[in-house]
Structure formats: C-alpha cells, structure tokens
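Residue-level listing of the chains:
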Amino acid sequence: MEGVMEENTERRTSVAVKGEAAIKPEFLTTKEKFHGLIDSEWQGCKGETTGESDMPEEVKDTSVGEPEPKRVKLDPEEEKKVEKTDRKRFRGQNKSRPHTKPTTYEEKRLCLSVIQKRECTFGDKCTFYHDVAAYMASKPADIGERCYLYETFGKCEYGLTCRFSKEHTTPDFQTTEKEDLVKAFEGRTLTKNNLSKDLQFRLRKRSVAFKKSEEYLKTLSNNKDKKRHHGNANQAEVCAPEGSADPKDENVAADKQLNTDPDNPPPVKTLGPLTDADVTKLRPCEKKQVDFRDKLYLAPLTTCGNLPFRRVCKRFGVDITCGEMAMCTNLLQGHQSEWALLKRHESEDLFGVQVEGCFPDTMTRCAELINTYADVDFVDINSGCPIDLVYKKGGGCGLMTRTRKFEQIIKGMNHVLDVPLTVKIRTGVQEKSSIAHKLIPEMKTWGVSMITLHGRSREQRYTKLADWDYINTCAELASPIPLFGNGDILSYEDAMKARETGVSGIMIARGALIKPWIFTEIKENRHWDISSSERLDILKDFTNYGLEHWGSDTRGVEKTRKFMLEWLSFMCRYIPVGLLERMPQKINERPPYYMGRNYLESLMASQNVGDWIRISEMLLGPVPKNFIFLPKHKANAYK
C-alpha cells in the first residue's frame, strides 16, 4: 500500500495537474488518508475541545470510511451528462440556506430589565426570566474564565448573560467593574454610524426632509417637461403652414433672454442682492478631498467584510476600508440590519460606505441621508454586483447598460454629498463585449472622484483570470482621475505586476479573505511563511473583536461563530509558503490534499465544514445542539 502511495505521489509531482497548486511531494496525500488522520488526532486531543458526547451529529460524523465504490461504466454520452449534473450541483451558491435566528440558541433568556436594573414594562406578561438564580441554573456553561470585554473596557455590559461571566460575577450574582479602565474609556466612541431610535422612527414615518435631493430631482422633472414641451413645439412647427407666425414667439424669446420664465425658474438666482447663502455655498472644488493614490484598498465584501474582519485587516496594514454593500431602499426605510453595515470603528482612518440602487430619486436621497447622519470619508456606488436579484431590477452591473440613469444617479449624489463619490464597475455584462472603456470617459465628466475596475464581466463572475491589460487601457482613459484595479491578487508579486500597469492603486477582495496578512506582504515585499499558531492567533483576535461587536452573550457568541465559519470557507484555501514547490500560490489554483507540518496546519487546510466547526470550538466552545451551518458556496462544502 505504501509503495502504491509513493508511486501516486511521484506521478502527481512529475506531471503537473491542471488547476492544482504545486506542493512538495513529501506533504502530498490522499483524501482518505487526510481525513483519517484529522479525525483520529482530533479524538485523541485532550483539553483543546469538548468530548464527542457534546458534539452534534453532523460534527461527529465527519470520518471517511472506505473509498466509494467504482461507478458502472456508462456510454460516453451518458457519462458526459452525469459529469455535467455533478458539476452543476457543486457550482455557485447555496441559495436556499436555512436562516437560523440568533434567539433560537436560548430556550429562555434573562429579561433586559434585570440586567439594566429597572422595572420591567411588561409586568406579569413578560416571558423572560426574572429570577436570576433560576436563569443561572439553566444557562449554558461558561466558555472560558476570562472575559475580553471586562479585561479591555473594565466592565461587561452583558453582565450575567455573558458566556465568560465568572470573571466579573460575585457569588451573590452581582457584576463587578474595574474603575480605572471604565474612566479611561469614558466619553470615547469606539463605533460610529449607529442608527438612533429617533432617526429610525422618522425614517419609518417618512418625516425626514431631503431638501438638496428635492432641488436636484426638481431639475430632472423640469428637464423632462422642457423636452416634452420642445417636442410638442417642433411637431406644431411641422404642422403649421408656411408664413404663419405665432404671436407668443416674441414673448418666449424675451423670457429666455431675461431668464424670467415663471414656470421654469433658473436653478441659480441671478438677480437681487448677494446673500450669505451665495457666498458659503459648497462648490465641487471645495468638497472634502481624499488622496486615494498608491493605497491598498480592502474591497467591500458581502457577509465576510464585517467590522471585526476589517479591524483584523487594519492590523496588517490596509489603508482604505469600506462597509459591505447596503441597499439604498432599506437604508431609507430605517432597517436596523442594513444600517449595521455602515458602522465604522475608530481604527478605520479612511473609511467609505457602498450603496446599491437603480433609481436617481432613492440613490440621491440615500446619499443625503448618509451625508447628514453618518461619518464617512467617501461614498461608493456599486455598479459591479453580478447577482441576479440586483441585476434584474437594474442595479449593480445593470447600471452600466443604463447610462442615462447612471448619469442622473452620479450627478444627483454629487449634488448632495460633501465627500468624494467613487464608483466600482466590471468590464461589462457579457464576457466578449467589454463596455467599461466607453463608460469611463463619460464618468469623468459626471463628477466621479475615483473608479475601481474589476477585470471580469458579469457573465464571468469569478471564473477565468482578470484582464489586467484591459484594466491598464482603462486606467489611461481615466487619467487624471485615479483608477484602482481589482482581480486575482494573492501575493506581493501579483501586486507588483498590477502596479506596473497604469493603475493608481489596487483593491484586494478574495486575497484578503484567504490571507489577511497579504497587506503586510505587499508593504514589506516578501512572502510570509506564517505558522499555524500565528493564524490561530488571528482567529482569536477576530473572536475578541466579534464578541465586542456582536456581544458576549449566547446570541453574540453564535453570531461570531457564524461569521468565522464563513471566513474559514475562504481561509482553508491558503497553502503555507514552506509547503509550496513553486511560489507564489495563484488564486485560481485549488489546493490538493496535503498534510501540514503539524496537526493544526492540517486541520486548517481541511475543506470539510465539520473541521471548520472544530476550529470554532477551540475559540468559542461547543456548538449548541440545534446548530446548523451550510456554507455560502457549494464548492466549499465537503463532498
């Protein structure tokens, strides 16, 4: 058997497998041997995890038995059909993923009035615990003995519900504080752009005023009326006999000359005394200026680009961060979940938000809302989202083909914003029909401050390589406006090649999810052979930031776990530098089965969901009995 294994290894290394990363032969293994070792080592580990009895069935049953039996040989045509269906089944997204509410992980919670030490407004009708002793008896066991919030800020606002409450709870169920730390953080706002209850109420009642937006939208409606009026006038001229004259022509000409048309007043007041409003009006050249050039930009990443992850990337040297894509209509309706995407940590010194929409009125009002109630350095329009839900209603990539609406959106948002407006686009909609080079010269005249170009079309999604030659062509057309390139950057060598083109900077998306230390590698021009323990420390930092952001109670712990698992579905694609036969690793190369230099490195290389859950249990304790997680992408699921 060993001889066969060696023979297979030699065959795999002598002939490069297409689409697979080149790994040193001594680390290569088979699927069965890999999962067999992972499972046997995990069962033998003591003190790092809980016993098998505490694990749910889906986590327990991750061992791989005998290899699958060989399939019966079919006709060539039937074989192709089977392969096609298999390929379709494991491509794309799991669109019908089960949505589990965070409250389902607790049968009965402690009433908030007990935590805040006030009278419960629901009285006898309240369904939550008011008896602290009864709650503590039913509460799940603490995850650890040290509370990150208590040690960092001097107090834990989750009190008795905290899953690390032993450190700050007395035997008579009273919470303690560290006065020196509490004073140090007093009056300091760590997270900005929170949605206040008052603003949420006014948004839901539609009582928020959008004065600047109404001004701009009025000019759009006036322009429509003028065009309609001119169209009718031209039609009347064609129908009128020769030599006939309209007695109103002289009056209309005079009105045009003096700009005194009562129905269509000029957008700018040209007569009368000079007022303070005329003097202090913000001109485009006086808007807040941001120097985007030669900076590393972390892409706005849906689901994974949350605030704790951005804080991890800030530690490794990213310059520009941006919130996840937010729907403009949801922001205008005061959705708490959508406003959470705008939150900004104090460490994010250059931060923007990305919005998606398809109509000038909603996008302009949304921009004014952000400008008034949020602290941002720039606002980005998502014109590159490829998903059907967004594209079919005219948003995302759909805006690239609706240039008239796109122009109105950009000009309207520019009219109401005091910060730069940026745009993210793709090469086009169809793979063989790029349109970005036609759109960019027009966007320069519309008032865009910066353009980001992803070197793929909507049709390509994330398949095939990004077209950096095309990005270079577009960068020349965009000058002097900065253009950032995006696509396939996973090492400092990829970044250097990208910078050799005419781009002003680079945006990194999947590369940052696979290895967030890529920003350090680029700035220091080196390959970092990061150890498995260092990678676990990164996950520990994410855990702490997650508990600070989402909470240290059961709801917060499980939310942190969920986003960690989403991130691990990308992080498992990383191959340690010391194992590579050829450097650097390419983003389109899938890792073969390999054994790491230690057990933890092997565990982190697993693409099995059960193994990701094991990693999360090292940091966040055992999963609840009713815990379910299905990865976002089918290709990440273990088959």
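Reading guide: rules and limits
Every chain is numbered on its own, with residues counted from 1 as its sequence reads. In keeping with the model being predicted, local features are shown solely for residues with a pLDDT of at least 70 and side-chain atom pairs are shown and tallied solely at 80 or more, while totals for entire chains, interfaces and linings include all residues. The basis for every side-chain value is the complete set of heavy atoms in the structure, and neither hydrogens nor water enter the calculation. Helix and strand definitions follow DSSP, with helices as H or I runs of at least four residues and strands as E runs of at least two, each counted in order from the N terminus. With a 1.4 Å probe rolled over the protein chains alone, any residue whose accessible area is under 20% of its type maximum counts as buried; one over 50% counts as exposed, and the rest are partly exposed. To measure how exposed things are, a 1.4 Å probe is used in the Shrake-Rupley method; for residues, cover is taken only from the protein chains shown. UniProt positions are given in the numbering used here, feature names are shortened, and annotations may be inferred rather than shown by experiment. Working definition: the arc comes from the directions between the helix axis and the C-beta atoms, pointing outward to the latter. What makes two residues a contact is simply this: any of their non-hydrogen atoms within 4.5 Å. The definition of a polar contact used here is a pair of N or O atoms within 3.5 Å, where within protein one atom must be able to donate a hydrogen and the other to accept one, and adjacent residues in sequence count solely through side-chain atom pairs. The convention used is that axes are lines fitted to C-alpha atoms, helices contributing only their stretch in contact, and that angles between N-to-C directions extend from 0 to 180 degrees. In this scheme the handedness of a crossing depends on how the near helix is turned from the far one: anticlockwise by less than a right angle means left-handed, clockwise means right-handed. Only Asp, Glu, Lys and Arg are considered charged in this grouping, and only Ala, Val, Leu, Ile, Met, Phe, Trp, Tyr, Cys and Pro are considered nonpolar; every other residue, Gly among them, is considered polar. Criterion for a salt bridge: a side-chain nitrogen of Lys or Arg within 4 Å of a carboxyl oxygen of Asp or Glu. The nonpolar core is taken to be a set of buried Ala, Val, Leu, Ile, Met, Phe, Trp, Tyr and Cys residues, with the residues joined through side-chain atoms within 4.5 Å. Convention used here: angles under 35 degrees read as roughly parallel, angles over 145 as roughly antiparallel, angles from 65 to 115 as roughly perpendicular, and any remaining angle as oblique. Aromatic pairs are defined between Phe, Tyr and Trp rings, using the six-membered ring for Trp, whenever the two ring centres lie within 6.5 Å; interplanar angles under 30 degrees are classed as stacked, those over 60 as edge-to-face, and all others as tilted. Comment: the charge-over-ring label is applied if NZ (Lys) or CZ (Arg) is within 6 Å of the ring centre and within 35 degrees of the ring normal.

Trainee: What is the right way to read the overall build of the protein from this model?
Mentor: Secondary structure assignment for the protein yields 27 helices and 11 strands. Buried positions account for 47% of the 639 residues belonging to the protein. Accessible surface, the protein as shown: approximately 34200 Å² in total, 51% of it carbon and sulfur.

Trainee: Explanation requested: the UniProt feature "zinc finger region: C3H1-type" (unreviewed entry) in the protein in the structure shown.
Mentor: Within this structure's numbering, the places UniProt gives as "zinc finger region: C3H1-type" (unreviewed entry) are residues 105-133 and 146-171. Taken end to end, residues 105-133 has its terminal C-alpha atoms 20 Å apart, with 21% of it in helix and 0% in strand.

Trainee: Explain helix H20 (residues 468-478) here, please?
Mentor: Turn by turn, an α-helix covers 3.6 residues, leaving residues three or four places apart pointing in a common direction. All of the buried residues along H20 are Trp 468, Tyr 470, Ile 471, Cys 474, Ala 475 and Ala 478. For H20, the angular spread of buried residues about the axis comes to 145 degrees, placing them on one side. More than 90 degrees from the buried face of H20, the exposed residues found are Asp 469 and Glu 476. Summarising the contacts, the buried residues of H20 are in contact with helix H19 (436-446), strand E9 (450-454), strand E10 (483-486), helix H21 (492-499) and strand E11 (505-508). You can read the cap of H20 off the contacts: a side-chain oxygen lies 3.3 Å from the backbone nitrogen of Asp 469, and it is on Asp 467.

Trainee: Would you take a moment to explain the packing of helix H24 (residues 532-550) against helix H27 (residues 609-620) for this structure?
Mentor: Helix-helix packing is described using two parameters, namely the angle between the two axes and the distance between the axes. Where H24 meets H27, the closest approach of the two axes is 10 Å, and the angle between their N-to-C directions is 65 degrees. Our pair here, H24 against H27, has a crossing hand that is right-handed. Judged by residue contacts, Leu 536, Leu 539, Lys 540, Thr 543 and Leu 547 of H24 engage Ile 615, Met 618, Leu 619 and Leu 620 from H27. Residue classes in the contact of H24 with H27 are distributed as 7 nonpolar, 1 polar and 1 charged.

Trainee: Help me understand the pattern of salt bridges, please; the structure alone is not making it clear to me.
Mentor: Side chains carrying opposite charge are able to pair once their charged atoms draw close together. Following the criterion strictly, the structure yields 32 salt bridges and no others. Across the pair Arg 311 and Glu 548 runs a salt bridge whose closest N-O atoms are separated by 3.0 Å. Taken together, the residues Arg 311 in helix H13 (residues 307-315) and Glu 548 in helix H24 connect sequence positions 237 residues apart. Each of the two residues, Arg 311 as well as Glu 548, counts as buried. Close ionic contact of Lys 393 with Glu 356 constitutes a salt bridge, the shortest N to O distance being 3.9 Å. Of this pair, Lys 393 sits in the loop between helix H17 (388-391) and helix H18 (403-416) while Glu 356 is found in strand E6 (residues 351-356), placing the two residues 37 residues apart along the sequence. Classification of Glu 356 as buried rests on a relative accessible area of 1%. Each member of the salt-bridge network shares a partner with another, and the members are Lys 192, Lys 288, Arg 344, Asp 375 and Asp 377.

Trainee: Would you take a moment to explain the nonpolar core for this structure?
Mentor: Side chains of a nonpolar character, in soluble globular proteins, are inclined to be buried together. Ranked by internal contacts, the top residues of the largest apolar core, which has 137 residues, are Ile 370, Val 379, Ile 381, Met 413, Leu 483, Ile 506 and Leu 539. A total of 8 residues in this core trace back to one element, the largest contributor, which is helix H25 (residues 554-571). Non-local contacts of Met 413, meaning those with residues more than four positions away in its chain, are made with Val 355, Met 363, Thr 364, Ala 367, Val 379, Ile 381 and Leu 421. Core analysis: the next-biggest nonpolar cluster, separate from the first, contains 9 residues, Ala 21, Leu 28, Ile 575 and Leu 580 among them.

Trainee: I'm lost on unusual backbone geometry in this one. Help?
Mentor: Only a minority of non-glycine residues have a phi that is not negative, and only a minority of peptide bonds are not trans. Put simply, Ser 479 and Pro 480 share a cis peptide bond, and its omega is 10 degrees. Checked against the element boundaries, Pro 480 lands in the loop between H20 and E10. Positive phi values are uncommon outside glycine, yet Asn 193 reaches one of about 65 degrees.

Trainee: How do you make sense of the environment of Val 132 when you look at a structure like this?
Mentor: Along the polypeptide, Val 132 turns up in helix H6 (residues 132-138). Each C-alpha atom, one on Val 132 and one on Phe 173, is 7.6 Å from the other, the two residues being 41 residues apart in sequence. Ignoring any residue separated from it by four or fewer positions in sequence, one finds Val 132 in contact with Val 114, Leu 160 and Phe 173.

Trainee: How should I be thinking about the UniProt feature "domain: C3H1-type" (unreviewed entry) in the protein in this particular structure?
Mentor: Cross-referencing UniProt, the feature "domain: C3H1-type" (unreviewed entry) maps to residues 105-133 and 146-171 in the present numbering. As annotated, residues 146-171 has a helix share of 23% and a strand share of 0%, and its two end C-alpha atoms lie 16 Å apart.

Trainee: Explanation requested: the side chain of Asp 319 in the structure shown.
Mentor: Mapped onto the secondary structure, Asp 319 falls in the loop between H13 and strand E3 (321-322). One polar contact links the side chain of Asp 319 to the main-chain amide nitrogen of Leu 296, over a distance of 2.9 Å. A distance of 2.9 Å separates a polar atom in the side chain of Asp 319 from a polar atom in the side chain of Lys 523. For Asp 319, the contacting residues outside a window of four places in its chain are Lys 295, Leu 296, Lys 314, Asp 349, Leu 350 and Lys 523.

Trainee: Would you mind showing me how to read the packing of H25 against H27 here?
Mentor: Their axes nearest at 10 Å, the elements H25 and H27 cross at an angle of 140 degrees. Looking at the two axes, H25 sits oblique to H27. H27 is crossed by H25, and the crossing has right-handed handedness. On H27, the residues touching Val 557, Thr 560, Arg 561, Met 564, Leu 565, Leu 568 and Ser 569 of H25 are Trp 612, Ile 613, Ile 615, Ser 616, Glu 617, Leu 619 and Leu 620. Classifying every residue of the contact of H25 with H27 by side-chain character gives 9 nonpolar, 3 polar and 2 charged.

Trainee: How should the packing of aromatic side chains be read in this particular structure?
Mentor: Here a ring pair, both rings aromatic, is described through the centre-centre distance and the interplanar angle of the planes. The tally for this structure, following the rule as stated, stands at 12 aromatic pairs. Here Phe 34 and Tyr 593 contribute two aromatic rings whose centre-to-centre distance is 5.8 Å and whose plane-to-plane angle is 55 degrees, an arrangement assigned as tilted. Of this pair, Phe 34 sits in helix H2 (residues 31-44) while Tyr 593 sits in the loop between H25 and helix H26 (599-604), and the two are 559 residues apart along the sequence. Ring centres of Tyr 297 and Phe 484 lie 5.9 Å apart, and the angle between their planes is 80 degrees; on these two criteria the pair is classed as edge-to-face. Highlighted residues: Tyr 297 in strand E2 (residues 296-298) and Phe 484 in strand E10, separated in sequence by 187 residues. In this structure, Tyr 297 and Phe 484 share a single accessibility class: buried. Here the aromatic residues Phe 292, Tyr 297, Phe 378 and Phe 484 are joined through ring pairs into a cluster of three or more. Lys 108 extends its terminal NZ or CZ atom over the ring of Tyr 129, reaching a point 4.9 Å from the ring centre. When the ring centre of Phe 563 is taken as origin, the NZ or CZ atom of Lys 562, which lies over that ring, is 4.9 Å away.

Trainee: What should I look at first to understand the side chain of Gln 460 in this one?
Mentor: With respect to the secondary-structure elements, Gln 460 resides in the loop between E9 and H20. Owing to a relative accessible area of 9%, Gln 460 belongs among the buried residues under this scheme. Looking at Gln 460, its side chain comes within polar contact range of the main-chain nitrogen of Ser 457, at 3.0 Å. When sequence neighbours within four positions are dropped, the list of residues in contact with Gln 460 reads Glu 431 and Leu 465.

Trainee: Whenever I open this one, helix H9 (residues 197-204) confuses me. Can you help?
Mentor: Buried within H9 are the following residues: Leu 199, Gln 200 and Leu 203. What you see down the axis of H9 is that its buried residues fit within an arc of 100 degrees, all on one side. Turned more than 90 degrees away from the buried face of H9 sit Lys 197 and Phe 201, all of them exposed. For H9, the elements touching its buried residues are helix H14 (328-332), helix H15 (336-339) and helix H16 (360-373). Arg 206 occupies a position one or two residues after H9 and carries a positive phi of about 55 degrees.

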